[in-house]
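Descriptive structure summary
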Amino acid sequence: MTHEKPVLVSGIKPTGDLHIGNYFGAMRQQVELVQSGKYRPFIFVADYHALNSMQDAEEMRRRTRELVMAYIAVGLDPEKVVLFKQSDVPAHTELCWIFDTITTMPYLQRAHAYKDAEAKNKEISVGTFNYPMLMAADILLYDAAIVPVGQDQKQHIEYARDTAEKFNRVFKTEIFKLPEPYIMPEVAVVPGTDGQKMSKSYGNVIPLFASREELTKCVMGIVTDSSGERPKNVYAMHRLVRSESQLEASYQEHQGSYKTLKEMLIEDLDRYLAPIRAKYEELKNDSSIVDEVLERGRH
Ligand code: ADP
Ligand code: TRP
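Sequence order as written defines residue numbering, which begins from 1 separately in each chain. Chain labels run from A onward and ligand labels from 1 onward, assigned in the order the entries are written. Confidence filtering applies because this is a predicted model: local features only for residues at pLDDT of at least 70, side-chain atom pairs given and counted only at 80 or more, and all residues used for totals across whole chains, interfaces and linings. Heavy atoms throughout the structure, all of them, feed into the side-chain values; hydrogens and water do not.

Section: the sheet that holds strand β2 (residues 40–45)
- Strand pairing follows a simple DSSP-based rule, namely that at least 2 bridges must link the two strands. The helix and strand labels rest on DSSP assignments: H or I over at least four residues marks a helix, E over at least two residues marks a strand, and numbering proceeds from the N terminus. Strand order in the open sheet formed by five strands is β3-β2-β1-β4-β5, and the pairing between neighbours is parallel. Here the strands that pair on one side only, and so sit at the sheet edges, are β3 (82–85) and β5 (180–182). Between one strand axis and the next, the sheet turns by 25° as a mean value, whatever way the strands run.
- Alignment of β2 against β3, held across four bridges, turns out to be parallel. Bridge pairing in β3 places Ile43 opposite Leu83. Structural elements are reduced to axes, namely lines fitted to C-alpha atoms, with helices fitted over the stretch in contact, and the angle between N-to-C directions of any two is expressed from 0 to 180 degrees.

Overview of the domain arrangement of the protein
- Domain limits in this description derive from either an automatic procedure or a database domain assignment. Once the domains are mapped, the protein shows domain 1 (7–189) and domain 2 (200–283).
- Any pair of residues with heavy atoms lying within 4.5 Å of one another is described as a contacting pair. At the junction of the two partners, domain 1 supplies 16 residues and domain 2 supplies 17 residues.
- Regarding the contact of domain 1 and domain 2, the summed buried area is about 1500 Å², with carbon and sulfur atoms giving 73% of it.
- Any carboxyl oxygen of Asp or Glu that lies within 4 Å of a side-chain nitrogen of Lys or Arg is treated as forming a salt bridge with it. The interface formed by domain 1 and domain 2 includes zero salt bridges.
- Sorting the residues of the side of domain 1 that touches domain 2 by element identifies α1 (20–36) and α3 (57–73) as the ones contributing at least two each.
- Basically, the charged four are Asp, Glu, Lys and Arg, the nonpolar ten are Ala, Val, Leu, Ile, Met, Phe, Trp, Tyr, Cys and Pro, and anything else, Gly included, counts as polar. Grouping the constituent residues of the side of domain 1 that touches domain 2 by class yields 10 nonpolar, three polar and three charged. Each of two parts loses accessible area, computed with a 1.4 Å probe, when they are put together; buried area is these two losses added.

Re the pattern of salt bridges
- Under the definition given, this model contains 19 salt bridges.
- We note a salt bridge from Asp291 to Arg65, for which the minimum N-O separation is 2.9 Å. Linking Asp291 in helix α14 (residues 288–297) with Arg65 in helix α3, this pair joins segments that are 226 residues apart in sequence.
- One salt bridge connects Glu295 with Arg298, and the closest N-O pair in it is separated by 3.6 Å.

Following this line, the structure appears as structure tokens:
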């Protein structure tokens, strides 16, 4: 397959409510790159990956639809992208199987995500163990040149690269292209309200569709270090929605007044997120577009 434009591929699991770490760390870049017109983009709902942790059919259907609406709400133009559900395209799992036959267990045992899961002493499913191979298939199937994601996905893209190389070597072909991760350094790891990486599993998130009240609650809960002049965790979040030069003046002026700075952050976050939230609400009231998009995306 040769296409004029380089291919962009990315996916997100429909496993929980989106947070601003997902948005600033991954979705915003995906939308911007799609809108730039420089790529041939494929964005999908990674429902097979989600199946490792979410096994309620009704919830899967609901969250899949919500994720499609969320993508449209943050500005993804469904006319400019192939937006689809992973399980609608059997080639993902088929190629995953082929990769399984050339991949060794020790190699997969080195994955961070696997080691973390092991450390928690879980009885890990084969699907969780094999997660990187399905992701390699997701990416390599489309000849992806770039994969925009947050830092935590970097290793998975390395697995995809290794797998492409191994396949090409074993089968004496050049069929698979090596993808590059696209990770923006300033937002590679968006911190949560406790200063750690924002993640739905850490309970430190600011939901992407939070109401003003929820935003207030989350921001007021940001952990501040009482010894410093500048509340590090508040600032780290503030710089997502306002330029550092603008922030400099306010943080100087209100030095030590954490409450005022938090109130400013609430105001700025609310202003930034309000249009996204409004669009999402609008789509929730009429979600017929989701069916159209997914129907078109599967072909
Ligand atoms: P979570 O960590 O909350 O479970 P996911 O693993 O579903 O989030 O991540 C979906 C996408 O969002 C991935 O591309 C991931 O790299 C990105 N992402 C998630 N959290 C962050 C964060 N705190 N900073 C930057 N990117 C993030
Ligand atoms: N593993 C990714 C995450 O947790 C989701 C994902 C699945 C993905 N397949 C992909 C991302 C292919 C990019 C490309 O967020």
